[in-house]
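# Commentary on secondary and tertiary structure
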Protein chains: 2
Amino acid sequence: MADIVLYDLVGADDRRFSTHCWRVRPAIAHKGLSFETVPVPFTGIRGIRDGSYSTVPVIVDGGTWVHDSWTIAEYLENAYPDAPSLFGGAGGWALTGFVRHWWQSRMHPFAMTMILKDIFDHLLPEDREYFQTSRFKRFNRPIAEVQAGREDRIVEFRDRIEPLRRLLDNQDFLGGADPLYADYLVMGTFVWARKMSPFALVEPGDPVHDWMNRCLDLHGGMARAGAGFDW
Amino acid sequence: MADIVLYDLVGADDRRFSTHCWRVRPAIAHKGLSFETVPVPFTGIRGIRDGSYSTVPVIVDGGTWVHDSWTIAEYLENAYPDAPSLFGGAGGWALTGFVRHWWQSRMHPFAMTMILKDIFDHLLPEDREYFQTSRFKRFNRPIAEVQAGREDRIVEFRDRIEPLRRLLDNQDFLGGADPLYADYLVMGTFVWARKMSPFALVEPGDPVHDWMNRCLDLHGGMARAGAGFDW
């Protein structure tokens, strides 16, 4: 029996495509723990436990339920203090918060505008109506319109990622010589995008692309496995 | 006699306005060390030591000369390992590099376009020609033209700073409950701007403005002293 159960978003062809679940998977492995997943479509999330969760990831560690990727990362760090750290000390913990807010405010939502229609195309059939309706509400436009013009917007995305490019020109991971949760946090978006879209957010020759490949190799190459796109 | 000598950029009315020197000053104090400054105008930098330095800060610690704010921060951390850490551990050290590249690639140069003419107006007379010529080369336009339109660009600046705003809504400093070098690194730009320009990069009510004021109070309020603007 695995140490941890992870409720994991699933799309067509068993694609496990949740950004936030892909932050948690390598974090669990980083702590030396094993896990098994329970695949859940968007429309199945309310069926977890007592129906109180509206998003995944949700994990069960022994009898303990924990929800939300950041809460889970902090939970793992506190619950397994003797396993390799996800933050690399108090300063790293605080500054991972900065990386998190940078990525969540300026990068991930921007990336989403470029692959939203591709995500839709690779959902399970039972999720399509929910996705279309909820994303229309969020973006105030049909999903195909949101995605349109991505060939232009990608230039701005690659400008915004410049600080990461400069950093990764000098060190292998955000965490330094080895990955920390800050790496998993950013990596989640790239795994999500590669599962669902052929549109390359970064290209070969970019230090961020090299870093992405290093991340894909981590923990037995877990993020390379299964259906998806290779860019 | 002070522990450390700091060669420090000087403008009109003894304004000490170098961003990079303002990263180093609180870092020295953070380590519990004292320092005295040698004021140097731009056109005096080649007069330091053997003339090999083209920028400040330069410090002398005993017989050791160290140049460049990041190199100095790492030097201080290594030379004084038992004093309070500037990075908060290995993870914090690595991720401070990320904050540094974010700030240097996306934020500080952008801020500079908004106060360039104001900087010129508060230089020592002997620096004016050098500044005008060198900045014309860098920006390919006269400095007044670079600064023009800042009332529009400030909106984008405040958008870009959003990750910091979100972080500082939940913690007092980038470093967590207490400041680390990541705070000094970002703060340097605000001290520089307040020394030279009445143009507010952030406004009251913004969590970043509150944080700026907490930083200004640090180490005896050193960054509040002297000529400048209060915003």
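As a starting point, this report considers the structure included with it.

Cut-offs used in this document
- Residues numbered from 1 in each chain as written.
- Chains lettered and ligands numbered in written order.
- Predicted model: local features only at pLDDT ≥ 70, side-chain atom pairs only at ≥ 80, totals over all residues.
- Heavy atoms only, no water.
- Least-squares fit on C-alpha atoms with pLDDT ≥ 70 in both.
- Contact = heavy atoms within 4.5 Å.
- Buried < 20%, exposed > 50% of the residue type's maximum accessible area, 1.4 Å probe, protein only.
- Helix = DSSP H or I, 4+ residues; strand = E, 2+ residues; numbered from the N terminus.
- Pairing = 2+ DSSP bridges.
- Right-handed = clockwise from strand over helix to strand, strands pointing away.
- Phe/Tyr/Trp six-rings, centres within 6.5 Å; stacked < 30°, edge-to-face > 60°.
- Axes fitted to C-alpha atoms, helices over the stretch in contact; angles between N-to-C directions.
- Parallel < 35°, antiparallel > 145°, perpendicular 65-115°, else oblique.
- Nonpolar A, V, L, I, M, F, W, Y, C, P; charged D, E, K, R; others polar.
- Buried area = accessible area lost by both parts, 1.4 Å probe.
- Salt bridge = Lys/Arg side-chain N within 4 Å of Asp/Glu carboxyl O.
- Expected span 1.5 Å × (residues − 1).
- Bend = angle between axes of the 7 residues up to and from the residue.

### Some points on the relation of the copies chain A and chain B
Mapping chain A onto chain B leaves a residual RMSD of 0.0 Å; the transformation is a rotation of 180° accompanied by 0.0 Å of translation along its axis. Each copy turns onto its partner about a two-fold axis. Among all residues of chain A, the one whose C-alpha sits closest to the rotation axis is glycine 92 of chain A, at a distance of 1.8 Å. Counting the interface residues of chain A, we find that 100% of their copies in chain B are interface residues as well, pointing to one common contact surface.

### Let's talk about the pairing of strand S1 (residues 4–9) of chain A
Side-chain direction in a regular strand flips from residue to residue, so the side chains alternate between the two faces of the sheet. All names here are of chain A. Among the six residues of S1, six are classified as buried, and the element is accordingly described as predominantly covered. Pairing between S1 and strand S2 (residues 35–40): six bridges, direction parallel. Each residue of the ladder has a partner; that of leucine 6, found in S2, is threonine 37. For the crossover from S1 across helix H1 (residues 19–30) to S2, the handedness is right-handed.

### With respect to unusual backbone geometry
Of note, the bond from valine 56 of chain A into proline 57 of chain A is cis; its omega dihedral lies within 30 degrees of zero at 10°. Within the fold, proline 57 of chain A resides in the loop between S2 and strand S3 (58–61).

### What to know about the packing of aromatic side chains
This structure, assessed with the given rule, holds 30 aromatic pairs over all chains. Seen from their ring centres, phenylalanine 110 of chain A and phenylalanine 157 of chain A are 6.4 Å apart, and the 25° between their planes marks the pair as stacked. Remark: phenylalanine 157 of chain A occurs in helix H6 (residues 150–160) and phenylalanine 110 of chain A occurs in helix H3 (residues 90–121); sequence separation between them is 47 residues. Take phenylalanine 110 of chain A: its relative accessible area is 13%, and that puts it in the buried class. On the accessibility criterion, phenylalanine 157 of chain A (0% relative accessible area) is buried. Geometrically, the ring pair formed by phenylalanine 87 of chain B and tyrosine 181 of chain B is edge-to-face, given 6.1 Å between the ring centres and 65° between the ring planes. Of this pair, phenylalanine 87 of chain B sits in the loop between helix H2 (69–79) and helix H3 (90–121) while tyrosine 181 of chain B sits in helix H8 (residues 181–196), and the two are 94 residues apart along the sequence.

### Quick word on the packing of helix H8 (residues 181–196) of chain A against helix H9 (residues 207–221) of chain A
Pairs of packed helices are described in terms of their axes, by the angle between the two and the distance that separates them. Residue and element names in this part refer to chain A. Contact pair H8 / H9: the axes reach a minimum separation of 10 Å and the direction vectors enclose 95°. It follows from the interaxial angle that H8 and H9 lie roughly perpendicular. On the side of H8, the interface is formed by Asp183, Tyr184, Val186, Met187, Phe190, Val191 and Arg194, while H9 contributes Val208, Trp211, Met212, Cys215, Leu216, Leu218 and His219. Its residues assigned to classes, the contact of H8 with H9 shows 11 nonpolar, one polar and two charged.

### Some points on the interface of chain A and chain B
Interfaces are frequently sized by the accessible area removed from exposure as the parts join. Taken together, the contacts link 32 residues of chain A with 32 residues of chain B. Taken over both partners, the interface formed by chain A and chain B buries close to 2,300 Å², and the fraction arising from carbon and sulfur atoms is 71%. Three residues stand out in chain A for area buried against chain B, namely Leu95, Phe98 and Arg106 of chain A, and they jointly supply 30% of the buried area on that side. Remark: the boundary between chain A and chain B carries two salt bridges. Across the pair glutamate 156 of chain A and arginine 106 of chain B runs a salt bridge whose closest N-O atoms are separated by 4.0 Å. Of all the secondary structure elements, the ones that give two or more residues to the side of chain A that touches chain B are H3, H6 and helix H7 (162–168) of chain A. Partitioning the side of chain A that touches chain B into residue classes produces 13 nonpolar, 13 polar and six charged.

### Let's talk about the sheet that holds S1 of chain A
Strand-to-strand pairing in sheets goes through backbone hydrogen bonds, with the strands running parallel or antiparallel. Residue and element names in this part refer to chain A. Taken in spatial order, the four strands of this open sheet run S2-S1-S3-S4, and their pairing is mixed. Since the sheet does not close on itself, it has two edges, and those belong to S2 and strand S4 (64–67), each with one partner. Going from strand to strand, the sheet's axes swing by 20° on average, the running direction of each strand aside. In the sheet, S3 pairs with S4 via four bridges, with the strands oriented antiparallel. Residue pairing for S4: aspartate 61 is matched across the bridge by threonine 64. Helix-sheet contacts for H1 involve S1, S2 and S3, and the interaxial angle to S1 is about 155°.

### What to know about H8 of chain A
All names here are of chain A. For H8, spanning 16 residues, the distance from its first C-alpha to its last is 23 Å, which sits close to the expected 22 Å at 1.5 Å a residue. Where H8 bends most, at methionine 187, the angle is about 30°. H8 sits mainly inside the fold: 16 of its 16 residues count as buried.

### What to know about the sheet that holds strand S4 (residues 64–67) of chain B
Residues and elements named next belong to chain B. Judged by pairing direction, the sheet is mixed, and its four strands sit side by side in the order S2-S1-S3-S4 without closing on themselves. Each edge of the open sheet carries a strand with a single partner, namely strand S2 (35–40) and S4. Ignoring which end each strand starts from, the neighbouring axes of this sheet average 20° apart. On top of the sheet, helix H1 (residues 19–30) reaches strand S1 (4–9), S2 and strand S3 (58–61); it is set at about 155° to S1, its chief contact. Its contacts with the sheet put H2 on S1, S3 and S4, and the angle it makes with S4 is roughly 135°.

### Some details on the pairing of S3 of chain A
Residue and element names in this part refer to chain A. Of the two faces of S3, the one holding Val58 and Val60 and the one holding Ile59 and Asp61 are both buried throughout. Note that S1 and S3 share four bridges and pair antiparallel. Bridge assignment links valine 5 to a residue of S3, and that residue is valine 60. The hairpin turn running from S3 into S4, its antiparallel successor, is two residues long, and glycine 62 in that turn takes a positive phi close to 60°.

### Considerations on the pattern of salt bridges
The final tally for this structure, using the stated rule, is 31 salt bridges over all chains. Of the charged contacts, one joins aspartate 13 of chain B and arginine 15 of chain B as a salt bridge, the two residues approaching to 2.6 Å between their closest N and O atoms. The exposure class assigned to arginine 15 of chain B is buried, which follows from its relative accessible area of 6%. Taken together, the shared-partner salt bridges in this structure form one network comprising Asp8, Asp14, Arg16 and Arg25 of chain A.

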